[in-house]
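Topology and contacts: notes
Here is how the chains run, residue by residue.
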Amino acid sequence: MKLILGQGNPGSDYTSTRHNIGFLALDFFARQNRVEFQPKTKFHGDITEVKIGDEKVILVKPTTFYNETGQSARTIADFYKIDPTDILVIHDELALPFGTIRTREKGSDAGNNGVKSLNAHLGEDYARVRVGIHNSLTEKIGAHDFVLGKFNSDENTKLTSDILPKIAEIIDDFISGTHQPTSHKL
């Protein structure tokens, strides 16, 4: 069994914001696999399950805010007895340029408060998909406002045509056990 968790904030105010790239990626993957999310309050998240080959996969969009996503991850991992090495987290990365995707097997939070919460609840031994969101506006409007801002039209086009499909491929590789740390500039 695998757990794929997208980082983001719940609610319509945050839909399509940079901080919700994890939710956008899981929505894309769920549409590809014809499954829909359902609210599960006991897991603090919107959840769906899909069978990929012989593997049962749980997709989770936590309903806790971004900086508290570890609570949802821990609850689900404990309930289903999922080892952290079978967990993949997708999150935005302010330190990477927009269009860059890097994967890691494990590691520190590097200042990301959502990852800090996950590390506090799960340890550091889960895989990550770090999706770059940095652009020329980052320094002009400050990190907080930038991550809670929406993608511009050119970024939305690139998300749909290149970035979200590449993340879906990475999810498939993780599920099949062929995932390797990589870096892509799209």
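The model shown is predicted, which means the values in this text are computed figures rather than measured ones.

1. Some points on the packing of helix H2 (residues 69–80) against helix H3 (residues 113–122)
Here H2 crosses H3 at 35°, and the two axes come no closer than 7 Å. Relative to H3, H2 is oriented so that their crossing is right-handed. Between H2, through Thr 69, Gly 70, Gln 71, Ala 73, Arg 74 and Ala 77, and H3, the contact on the second element is made entirely by Gly 114, Ser 117, Leu 118, His 121 and Leu 122.

2. Topic: the pairing of strand E6 (residues 100–104)
Both E6 and strand E8 (residues 183–185) contribute to a ladder of three bridges, which runs antiparallel. Of the residues in E8, the one forming a bridge with Arg 102 is Ser 183.

3. Some thoughts on helix H1 (residues 21–32)
Compared with an ideal rise of 1.5 Å per residue, which puts 12 residues at 16 Å, H1 spans 17 Å between its outermost C-alpha atoms and is within 8% of the ideal. With respect to burial, H1 is a largely interior element, nine of its 12 residues being buried. Among all positions of H1, only Ile 21, Gly 22, Phe 23, Leu 24, Ala 25, Leu 26, Phe 28, Phe 29 and Ala 30 are buried. Those residues of H1 that are buried are in contact with strand E1 (2–6), strand E3 (45–52), strand E4 (55–62), strand E5 (87–97), strand E7 (127–134) and helix H6 (153–176). Residue Arg 34 follows H1 closely and has a positive phi angle near 55°.

4. What about H6?
Structurally, the α-helix is built with 3.6 residues per turn, so residues lying three or four positions apart point the same way. Over its 24 residues, H6 extends 34 Å from the first C-alpha to the last, a length consistent with the 34 Å expected when each residue adds 1.5 Å. Considered for burial, the residues of H6 that qualify are Glu 155, Leu 159, Ile 163, Leu 164, Lys 166, Ile 167, Ala 168, Ile 170, Ile 171, Phe 174 and Ile 175. Where H6 begins, one side-chain oxygen reaches toward the backbone nitrogen of Asp 154, 3.0 Å away; that side chain belongs to Asn 152. A positive backbone phi angle near 85° is found at Gly 177, which sits one or two residues after H6.

Definitions and cut-offs
- Residues numbered from 1 in each chain as written.
- Predicted model: local features only at pLDDT ≥ 70, side-chain atom pairs only at ≥ 80, totals over all residues.
- Heavy atoms only, no water.
- Axes fitted to C-alpha atoms, helices over the stretch in contact; angles between N-to-C directions.
- Helix = DSSP H or I, 4+ residues; strand = E, 2+ residues; numbered from the N terminus.
- Left-handed = near helix turned anticlockwise from the far one by under 90°.
- Contact = heavy atoms within 4.5 Å.
- Pairing = 2+ DSSP bridges.
- Expected span 1.5 Å × (residues − 1).
- Buried < 20%, exposed > 50% of the residue type's maximum accessible area, 1.4 Å probe, protein only.
- Polar contact = N/O pair within 3.5 Å; in protein donor to acceptor, adjacent residues only side chain to side chain.

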